[in-house]
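Chain and residue survey
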Amino acid sequence: MTETPYLSIDRERMERNITAMGHRAADLELALRPHVKTHKCIEIAELQMFSGATGLTVATIGEAETFADAGFTDLFIAYPLWLSDEKAARLSALAGRTRLRVGVDSAAGARRLAEGLAGTPVEVLVEIDSGQHRTGVPPREARAVAAAAVAAGLEVVGVFTFPGHGYGRGAARQKAAIDESRTLVGAAAALRHAGVTPRVISGGSTPTAQYADFSVLTEIRPGVYPFGDAQQLELGTCGFDDVALTAVSTVVSRRRNRIVLDAGSKVIGADRPAWASGFGRLLDHPEARITSLSEHHAVVDFPSGAALPEVGEVLRVIPNHVCTAVNLADELHLDDGQVWPVAARGANS
């Protein structure tokens, strides 16, 4: 028996989620390029490819190296890179053994990318800010970035965005999808003015995939969908029956309407957006809320009068943000007895 706490996957649910997203993308005639920073796991990426993914999205050169080493040959690093000499050498080596796309969001970044690659072929997408205000340029500035990239000798193939402001209650998901579509239309037009044909128009996240505008997009890049998490539950993206990854944890203390579990922030992560109802949920006790975390403990409050689990009982915890929980684990335990390594754990550069 595996000692708690540990991360567990309900394989049937995970495969159902992966298949459903593959079917949705196919029905909309969109390429599916899932973001594997969520699971960092070779075996799960293989399931995604089997279910229709055309390639993978990664967050770092290190993640790209991990998945290239495992035989994946179509990768997109979906962030603007600033290449040191070492990163330039690593990126060039990657481009020599896999089809590689990278993001840019500035003329300076494009020139540095071209200098570092020294003629090694990669495809470039200009990143657009569709409302999250993290990286990316407004649509009207895409023309200048694309022109600078082309002048530096890079092959610009399109535009992409991350509608991260879709992580919010109410109509946030729908609004973010509308913003995504509107800004990408403008950015694609800006590229055409620069003499570049935007073959790839890439967007999408798990919260906004339901509202993806297939009349604009050519590709979506959801990440969380194989697992779900407490954020997705509270956004309405998934239900309790869709959650495929939980932290298996033991009740170590019990008082009045409160229990304490042995899975704290070093297991489930500490993310809590302002709109979330707690630091996570319990899969089998929807009424409970995780109200505070320490490094090795989670405090869970139940409504007054509710029947509490006993000390020693094993419960399944739904992390708020599954990506950060997986990044804290060395391995994932499947309910069929298999154990899969988190292969790209620590590949953060």
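The shown structure was predicted, so the numbers you read here are calculated from the model rather than taken from an experiment.

**Some words on helix α3 (residues 61-69)**
Among the nine residues that make up α3, seven are buried, leaving the element largely enclosed by the rest of the structure. Among all positions of α3, only Ile61, Gly62, Glu63, Ala64, Thr66, Phe67 and Ala68 are buried. Residues of α3 that are buried make contact with α2 (42-50), β3 (56-58), β4 (74-80) and α4 (85-95). Of the residues one or two after α3, glycine 71 is the one with positive phi, at around 105°.

**Let's talk about the packing of helix α1 (residues 11-27) against α2**
Running from N to C, α1 and α2 point in directions that differ by 40°, and their axes come no closer than 9 Å. Taken together, the axis directions place α1 and α2 in an arrangement best described as oblique. Crossing of α1 over α2 shows right-handed handedness. From α1, Met14, Glu15 and Ile18 reach across to α2, where they touch Ile44, Leu47 and Gln48.

**Considerations on the pattern of salt bridges**
All chains considered together, the criterion is met by 28 salt bridges. Here aspartate 69 and arginine 97 are joined by a salt bridge, their closest N and O atoms 2.9 Å apart. In this pair, aspartate 69 is assigned in helix α3 and arginine 97 in the loop between α4 and β5 (99-104), connecting sequence segments 28 residues apart. Note on aspartate 69: relative accessible area 58%, which makes it exposed. With relative accessibility at 42%, the residue arginine 97 sits in the partly exposed group. One salt bridge in this structure joins arginine 316 and aspartate 284, with 2.8 Å as the shortest N-O distance. Here the residue arginine 316 occupies a position in strand β15 (residues 314-319), and aspartate 284 occupies one in the loop between β12 (280-282) and β13 (289-293), the gap between them amounting to 32 residues.

Basis of the calculations
- Residues numbered from 1 in each chain as written.
- Predicted model: local features only at pLDDT ≥ 70, side-chain atom pairs only at ≥ 80, totals over all residues.
- Heavy atoms only, no water.
- Buried < 20%, exposed > 50% of the residue type's maximum accessible area, 1.4 Å probe, protein only.
- Helix = DSSP H or I, 4+ residues; strand = E, 2+ residues; numbered from the N terminus.
- Contact = heavy atoms within 4.5 Å.
- Axes fitted to C-alpha atoms, helices over the stretch in contact; angles between N-to-C directions.
- Parallel < 35°, antiparallel > 145°, perpendicular 65-115°, else oblique.
- Left-handed = near helix turned anticlockwise from the far one by under 90°.
- Salt bridge = Lys/Arg side-chain N within 4 Å of Asp/Glu carboxyl O.

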